[in-house]
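So you can see what is in the structure, the chains are spelled out below.
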Amino acid sequence: MRYNEKELQALSRQPAELAAELGMRGPKKGSVVKRRLVKLVVNFLFYFRTDEAEPVGALLLEHCKVAQEEPSGFSISFVEDPERKYRFECHSEEQCQEWIGALRRASYEFMRRSLIFYRNEIQKVTGKDPLEQFGISEEARFQLSGLQPSSPSLGPGFPGRA
Amino acid sequence: MKLNERSLASYATSGAPADRAGFLFQRAGRAAAYLRRWFVLRGNMLFYFEDAASREPAGVVILEGCTVELVEAAEEFAFAVRFAGARARAYELAAESQAALEGWVKALSRASFDYLRLVVRELERQLAAVRGPAPAPPARALPPAAPPPGPAPRENGRAAWSTAAPAAPGPAPPPPPPRRRASAPSAPAAFARLHESYGREVRALRSLWLRGRAQP
């Protein structure tokens, strides 16, 4: 699959939500732990050799599962292949919890659900739609009504083909 | 750079409805002709497929740090997705109608994670402002876009997630600085509950949608 690698590299140089040197093990069987500078930027997790400016690789953090791994580490796996795990080792339980929390909040899907939640809550308190000021209140991707299980069809809340 | 392409492809074709999908013309090179491709916008990723029936995307444009603008071209309804920097990359595209052009330009210019995060933070601030300070029930999950939890005291008392005894014997550490958003704590617990219930609703809806798709 082609992708705009130069832009992804530029993204890796942006300010990070979280960054640290961690032990990292790839998903292949028998892979060894390597020290990597791990950096969370938007919904990407970049990992660098500790002395290099360009990342070795990046993980898109969508449809993934972040799990704690004993003793003080965590793993990232993806829904289409849950056994294939990228493992990370932290220096403390605290650091581990910080990373797990940040990674679980890092997906676009999580952001979207947060937005829908806040929009709904604000609307309940004020009676007004806070998205109107942004001009995005009609956008299908932010519709709460589309989430009601009782509706017989999905209606305008779910765009398929435009 | 390595990238989890398999996961990316699976995200592109996952069961959930896309944010926007449709045919666009894409120019392969500066002097090249426009090729008609199927585009799918999901989150901050714009995937393109050889055609609507392809099972795997031919490519993806990661939409962070880009601008979307109309262009003057021989081709009608033309626009471009441009990135900054030396030897800047631009994706030259064209829609099939004025309405489609407007729809795509709007959707793409607001697709970035950065933009969404700004909106979420603003709404979080607004919710805190209208709610005012309130006692927080125990929070199971971390609040969205908030600093990691610590033993920080809130205006109304102990942080809900702190399990430390209020009066610990021995030398006590100096009190941490007060949280910037003292009224925010009521949001996380409610968010956790709503997150769970919306998650259930979304899963129910998805299975409904998938079943509906399977029928002719």
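Every chain is numbered independently, its residues counted from 1 as its sequence is written. A letter from A marks each chain and a number from 1 marks each ligand, given out in the order of writing. Residues qualify for local features only when their pLDDT is at least 70, as the model is predicted, and side-chain atom pairs are given and counted only at 80 or more; totals for whole chains, interfaces and linings, by contrast, use all residues. Working from all heavy atoms in the structure, the side-chain values ignore hydrogens and water.

With an unreviewed UniProt entry as reference, chain A is termed Pleckstrin homology domain-containing family J member 1, source organism Equus caballus.

Colleague: Can you explain the overall build of chain B? Please cite residues and give values.
Modeller: What chain B contains, in helices and strands, is four helices and eight strands. Put simply, DSSP H or I for four residues or longer makes a helix, DSSP E for two residues or longer makes a strand, and each gets a number counted from the N terminus. Walking chain B from its N terminus toward its C terminus, one meets helices and strands in the order β-α-β-β-β-β-β-β-β-α-α-α. Across the 216 residues that make up chain B, the buried fraction comes to 48%. Throughout, a contact is declared for two residues whenever any of their heavy atoms are within 4.5 Å. Of the contacts made within chain B by residues no fewer than 6 positions apart, 44% connect residues no fewer than 24 positions apart. Using a 1.4 Å probe, the Shrake-Rupley method yields the accessible areas, and only the shown protein chains count as cover for residues. Summed over all atoms, the accessible surface of chain B reaches about 11,500 Å², with 55% contributed by carbon and sulfur. Exposure categories follow from relative accessible area, calculated using a 1.4 Å probe and restricted to protein chains: below 20% of the type maximum is buried, above 50% is exposed, and the middle band is partly exposed.

Colleague: So what's going on with empty space enclosed by the protein? Which residues, and what values?
Modeller: The distinction between a cavity and a pocket rests on a 1 Å grid over the protein atoms alone: a 1.4 Å probe fits inside a cavity but cannot get out, while a pocket stays open yet meets protein on both sides within 12 Å along at least five of seven lines, and a residue with an atom within 4 Å of a point counts as lining. Grid points are joined across faces, edges and corners, and a volume is the space filled by probe spheres set on the points. Counted under the stated rule, the structure contains two cavities of 30 Å³ or more. One number sums up the size of the largest cavity: a volume of about 120 Å³. Along its surface, the largest cavity is lined by eleven residues, and E17(A), R105(A), A106(A), M111(A) and R117(B) are the ones closest to its centre. Residues are grouped as follows: Ala, Val, Leu, Ile, Met, Phe, Trp, Tyr, Cys and Pro are nonpolar; Asp, Glu, Lys and Arg are charged; every other residue, Gly included, is polar. Residue classes in the lining of the largest cavity are distributed as seven nonpolar, no polar and four charged.

Colleague: Can you break down the packing of aromatic side chains residue by residue, with the values?
Modeller: The description of two aromatic rings rests on the distance between their centres and on the angle between their planes. In summary, the pairing rule links any two rings of Phe, Tyr or Trp, Trp by its six-membered ring, whose centres are within 6.5 Å, and it sorts them by plane angle into stacked for under 30 degrees, edge-to-face for over 60 and tilted for everything else. Considering all chains together, one arrives at ten aromatic pairs over all chains under this definition. Summarising the aromatic geometry, the rings of F78(A) and Y86(A) are spaced 6.3 Å apart at their centres and angled 85 degrees between planes, so their arrangement reads as edge-to-face. For F78(A), a relative accessible area of 5% translates into the label buried. Among the residues examined, Y86(A) registers a relative accessible area of 8% and is labelled buried. Taken together, F74(A), F88(A) and W99(A) form an aromatic cluster joined through their ring pairs. By definition, being over a ring means that NZ of Lys or CZ of Arg is both within 6 Å of the ring centre and within 35 degrees of the ring normal. Lying across the ring of W104(B), R20(B) places its NZ or CZ 5.3 Å from the centre. Between the NZ or CZ atom of R42(B) and the centre of the ring of Y11(B), over which it lies, the distance is 5.9 Å.

Colleague: Can you lay out the sheet that holds strand β3 (residues 34–41) of chain A for me, pointing to particular residues and giving the numbers?
Modeller: Pairing between strands requires that DSSP locate at least two bridges from one strand to the other. Reading across the sheet, the eight strands line up as β6(A)-β7(A)-β8(A)-β2(A)-β3(A)-β4(A)-β5(A)-β1(B) and stay open at both edges, with mixed pairing between neighbours. Of all strands in the sheet, those bounded by a partner on one side alone are β6 (64–69) of chain A together with β1 (2–3) of chain B. As defined by bridge partners, strand β7 (residues 73–78) of chain A adjoins strand β8 (residues 81–89) of chain A across five bridges and the pair is classed as antiparallel. Within the sheet, the bridge partner assigned to I76(A) lies in β8(A) and is Y86(A). As a rule, the C-alpha atoms of each element are fitted with a line to give its axis, helices using only the stretch in contact, and angles between N-to-C directions run from 0 to 180 degrees. Set on the sheet, helix α1 (residues 5–12) of chain A makes contact with β3, β4 (44–49) and β5 (57–60) of chain A together with β1 of chain B; between it and β4(A) the angle comes to about 80 degrees.

Colleague: Break down the confidence of the model for chain B for me, with residues and values.
Modeller: Scored from 0 to 100, pLDDT records how confident the predictor is in each individual residue. Here chain B averages 75 in pLDDT, and 61% of its residues register 70 or above. Per-residue pLDDT, averaged within each element of chain B, yields its smallest value for helix α4 (residues 186–214) of chain B (62) and its largest for strand β4 (residues 45–49) of chain B (96).

Colleague: Describe in detail the nonpolar core, supporting the description with residues and values.
Modeller: Of all hydrophobic cores here, the largest spans 39 residues; its most connected members are L8(A), F44(A), F46(A), L115(A), M45(B) and F47(B). Top element by residues in this core is helix α3 (residues 113–131) of chain B. It accounts for seven residues. Taken domain by domain, the makeup of this core includes at least three residues from each of domain 1 (5–106) and domain 2 (109–154) of chain A. In this structure, M45(B) is in contact with F44(A), L60(A), L8(B), Y11(B), V40(B), V60(B), V61(B), I62(B) and L63(B), ignoring residues within four places of it in sequence. In terms of nonpolar packing, the next biggest core, distinct from the first, is built from 24 residues, L18(A), L22(A), C90(A) and A102(A) among them. Nonpolar core, defined: a set of buried Ala, Val, Leu, Ile, Met, Phe, Trp, Tyr and Cys residues in which side-chain atoms within 4.5 Å join the residues together. Here the limits of each domain have been adopted from an automatic or database domain assignment.

Colleague: Give me the packing of helix α3 (residues 108–126) of chain A against α3(B): which residues, what numbers.
Modeller: Following both chains from N to C, one finds α3(A) and α3(B) inclined at 30 degrees, their axes separated by 9 Å at the closest point. The angle between α3(A) and α3(B) falls in the class roughly parallel. Handedness of the crossing formed by α3(A) with α3(B): left-handed. Here α3(A) contributes Y108(A), M111(A), R112(A), S114(A), L115(A), F117(A), Y118(A), R119(A), E121(A), I122(A), V125(A) and T126(A) to the contact with α3(B), which in turn contributes F113(B), L116(B), R117(B), V119(B), V120(B), L123(B), E124(B), Q126(B), L127(B), V130(B) and R131(B). Between 65 and 115 degrees an angle is taken as roughly perpendicular, under 35 as roughly parallel, over 145 as roughly antiparallel, and anywhere else as oblique. Handedness of a helix crossing follows the sense of rotation of the near helix relative to the far helix, less than a right angle counterclockwise being left-handed and clockwise being right-handed.

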